[in-house]
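# Architecture and fold: a report
What follows is the residue order along each chain.
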Amino acid sequence: MPPGARRAGMTSVKEVRVEREPGAADDPAAEPGEGRFVFSDDYSVFDWGRMPDAVPDKGASLCTMGAHNFELLEVNHVPTHYRGVHEEPDDDGEPLELGDCEVAPRAMAIELTRTPDLPYVGEATDEAVDPGAVRAGYDYGAYHAAAGDDYLIPLEVVFRNVVPVGSSLRDRGSPADYGLDLDGDEWPAEPVELPRPIVEFSTKFEEQDRYLGRADAEAIAGAAELDRLEELALAVNHVVSREARKAESGGLVHEDGKIECRYRDGEIQVADVVGTLDENRFAHDGQELSKEVIRQYYRREHPEWVDAVAAAKREAGERGVADWRELCAVEPPALPDDVIATVSGMYGAATNAYTRSTWFDAPELGEVVGTIRAL
């Protein structure tokens with residue numbers, strides 16, 4: 001992979017195993033590929049990538065919640081790339097429905113789409129590069145030329161029902177900008193419910209994720225229509241929010257989340273994974289239950305690393321380079337054992353409550369909330 005390019009589809013918390021490559025972009029009869037996500041117990045915060053330790057049961061939690069949601073979306077006629085699950089990563093049988101599993105699955109069978117490298121070209125000075133296809137130094141024209149008519153749309157589609165503490169939305173506008181009638185222009189120090197869900201678009205494969213205006217989002221999406229992406233995001237939001245309210249132990253509040261999507265021959269499908277504690281934020285009894293718990297721990301206990309990450313991202317932007325991690329002067333510290341145990345319990349308890357099934361030997365939500373607040 002050339003310097004500055006990022007391999008689309010690679011993640012820090014799950015492995016993509018290819019069982020059959022997608023057909024070539026120049027073949028009009030090309031078939032989609034097949035493969036599976038294998039979920040690890042790794043985690044990532046602040047775009048760092050794989051952190052120095054792991055959270056037991058996290059991978060199985062993500063796979064279980066994701067499968068539960070994909071099967072709900074199928075019932076609600078929302079197209080997805082989901083094909084089923086495997087209890088173990090190396091299972092060689094046909095994919096199962098979640099209800100046929102005896103233990104929480106760790107692998108998800110999916111259709112594969114094309115995910116070319118996204119070249120980083122810096123300023124559009126090369127005559128071979130179309131300046132109109134370059135956004136923030138990334139050549140999306142090259143991405144779409146290589147992808148053809150079956151590709152992972154290089155956007156994240158974010159939906160929000162609540163503006164929790166720590167949400168990036170607070171940095172991009174005042175409460176009034178989002179239809180909120182609050183005293184003063186400052187955000188309060190507690191979550192704020194929005195009058196209606198809002199949808200935003202951000203980059204997917206750039207080294208530093210950034211929120212986009214509509215013109216940039218349309219250019220990056222290629223043939224995919226933003227209106228349809230917004231419709232799908234709101235449909236997923238509705239399904240996940242409804243399911244969260246049904247959760248055992250008093251229910252969950254679905255605050256926000258995101259989807260990633262695939263474009264194939266004019267149809268847009270929901271891809272990646274949806275409705276988990278990594279892709280979405282939930283709350284119970286006013287306590288955040290998501291990956292944000294880890295973020296807030298690092299902000300509180302290791303601000304020197306968080307500040308170093310922010311400084312490295314700024315410097316990378318000023319220098320016009322893609323990989324800011326090489327500029328970060330501080331390595332992330334590992335989590336203490338008690339924090340790992342608490343976060344593991346959070347993933348297991350939330351999955352049990354959300355799916356209304358006992359997949360994990362985990363405490364009740366109320367007990368998890370008390371432990372998180374004591375960190």
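Right, let's talk about the sheet that holds strand E5 (residues 107-112) for a bit. Through backbone hydrogen bonds, the strands of a sheet pair up, either in parallel or in antiparallel fashion. Read across the sheet, four strands follow the order E2-E3-E5-E4 without closing on themselves; strand pairing throughout is antiparallel. Taken across any chain shown, the strands that pair with only one partner, and hence form the sheet edges, are strand E2 (14-20) and strand E4 (82-86). Going from strand to strand, the sheet's axes swing by 25 degrees on average, the running direction of each strand aside. In this structure, E2 lies alongside strand E3 (residues 33-39), joined through six bridges in antiparallel fashion. From the neighbouring strand, Val-18 faces E3, where its bridge partner is Gly-35.

Here the focus is the confidence of the model for the protein. In this model, the protein carries an average pLDDT of 91, and 94% of its residues clear a pLDDT of 70 or more. Within the model, the stretch residues 124-128 combines pLDDT values under 50 with three contacts to residues more than four positions away or in other chains.

This part covers the packing of helix H4 (residues 214-221) against helix H5 (residues 226-246). Here H4 crosses H5 at 95 degrees, and the two axes come no closer than 10 Å. As summarised for this structure, H4 and H5 are arranged roughly perpendicular, according to the angle between their axes. On H5, the residues that touch Arg-214, Ala-217, Glu-218 and Ala-221 of H4 are Leu-226, Asp-227 and Glu-230. Looking at the contact of H4 with H5 residue by residue, the classes come out as three nonpolar, no polar and four charged.

Quick look at helix H7 (residues 303-319) now. Compared with an ideal rise of 1.5 Å per residue, which puts 17 residues at 24 Å, H7 spans 24 Å between its outermost C-alpha atoms and is within 8% of the ideal. The set of residues buried in H7 consists of Trp-305, Val-306, Ala-308, Val-309, Ala-312, Lys-313 and Ala-316. Taken down its axis, H7 places every buried residue within 160 degrees of arc, on the same side. Projecting away from the buried face of H7 at angles above 90 degrees are the exposed residues Asp-307, Arg-314, Gly-317 and Glu-318. Elements that come into contact with the buried residues of H7 comprise helix H6 (292-301).

Applying the stated rule across the entire model yields 38 salt bridges. Here Glu-111 ties to Arg-262 by a salt bridge, and the two come within 2.7 Å at their closest N and O atoms. Residue Glu-111 is found in strand E5, and its partner Arg-262 is found in strand E12 (residues 253-264); the two are separated by 151 residues along the sequence. Classification of Glu-111 as partly exposed rests on a relative accessible area of 29%. Residue Asp-323 pairs with Arg-325 through a salt bridge whose shortest N-O separation is 3.3 Å. Within the structure, one salt-bridge network assembled from shared partners comprises Arg-160, Arg-172, Glu-200, Asp-256, Arg-281, Glu-288, Glu-292, Arg-295 and Arg-299.

Checked against the element boundaries, Thr-64 lands in helix H1 (residues 58-75). The exposure class assigned to Thr-64 is buried, which follows from its relative accessible area of 0%. A polar contact is formed between the side chain of Thr-64 and the backbone oxygen of Ala-60, at a distance of 2.7 Å. Beyond its immediate chain neighbours, meaning those up to four positions away, Thr-64 contacts Leu-98, Ala-104, Pro-105, Thr-351, Thr-355 and Trp-359.

On to the packing of helix H8 (residues 337-355) against helix H9 (residues 365-373), then. Relative orientation of the contacting elements H8 and H9 amounts to 155 degrees, with a least axis distance of 9 Å. Accordingly, the angle class assigned to the pair H8 and H9 is roughly antiparallel. Here H8 and H9 pass one another in a crossing that is left-handed. Touching Thr-342, Gly-345, Met-346, Ala-349, Ala-350 and Ala-353 of H8 are Leu-365, Val-368, Thr-371 and Ile-372, all from H9.

A word on the packing of aromatic side chains. Evaluation of the coordinates by the stated rule reveals 12 aromatic pairs. Centre to centre, the rings of Tyr-143 and Phe-205 are 6.1 Å apart; their planes meet at 40 degrees, and the pair counts as tilted. Remark: Phe-205 occurs in the loop between strand E11 (192-203) and H4 and Tyr-143 occurs in helix H2 (residues 140-147); sequence separation between them is 62 residues. On the accessibility criterion, Phe-205 (2% relative accessible area) is buried. Ring pairs connect the aromatic residues Phe-46, Trp-48, Tyr-297, Tyr-298, Trp-305 and Trp-324, which therefore count as one cluster. When the ring centre of Phe-37 is taken as reference, the NZ or CZ atom of Lys-14 above it lies at 4.9 Å.

For strand E13 (residues 267-271), a buried count of four out of five residues is recorded, marking the element as mostly surrounded by other parts of the structure. Of the strand pairs in this sheet, E12 and E13 are connected by five bridges, and their pairing is antiparallel. Along E13, the bridge assignment pairs Arg-264 with Glu-267.

This paragraph deals with the environment of Arg-356. Along the chain, the position of Arg-356 falls in the loop between H8 and H9. When the C-alpha positions of Arg-356 and Ala-247 are compared, they lie 6.3 Å apart, and in sequence the two are 109 residues distant. Once residues within four sequence positions are removed from consideration, Arg-356 is found in contact with Glu-243, Lys-246, Ala-247, Glu-248 and Thr-351. Within the local environment of Arg-356, its side chain forms a polar contact with the side chain of Glu-243, the two groups lying 2.9 Å apart.

With that settled, the discussion passes to the side chain of Arg-264. Its location among the elements puts Arg-264 in strand E12. A distance of 2.8 Å separates a polar atom in the side chain of Arg-264 from a polar atom in the side chain of Asp-150. When sequence neighbours within four positions are dropped, the list of residues in contact with Arg-264 reads Ala-30, Glu-31, Pro-32, Asp-149 and Asp-150.

Thresholds applied
- Residues numbered from 1 in each chain as written.
- Predicted model: local features only at pLDDT ≥ 70, side-chain atom pairs only at ≥ 80, totals over all residues.
- Heavy atoms only, no water.
- Pairing = 2+ DSSP bridges.
- Helix = DSSP H or I, 4+ residues; strand = E, 2+ residues; numbered from the N terminus.
- Axes fitted to C-alpha atoms, helices over the stretch in contact; angles between N-to-C directions.
- pLDDT = per-residue confidence, 0-100.
- Contact = heavy atoms within 4.5 Å.
- Parallel < 35°, antiparallel > 145°, perpendicular 65-115°, else oblique.
- Nonpolar A, V, L, I, M, F, W, Y, C, P; charged D, E, K, R; others polar.
- Expected span 1.5 Å × (residues − 1).
- Buried < 20%, exposed > 50% of the residue type's maximum accessible area, 1.4 Å probe, protein only.
- Arc of directions from axis to C-beta.
- Salt bridge = Lys/Arg side-chain N within 4 Å of Asp/Glu carboxyl O.
- Polar contact = N/O pair within 3.5 Å; in protein donor to acceptor, adjacent residues only side chain to side chain.
- Left-handed = near helix turned anticlockwise from the far one by under 90°.
- Phe/Tyr/Trp six-rings, centres within 6.5 Å; stacked < 30°, edge-to-face > 60°.
- Lys NZ or Arg CZ within 6 Å of the ring centre and 35° of its normal.

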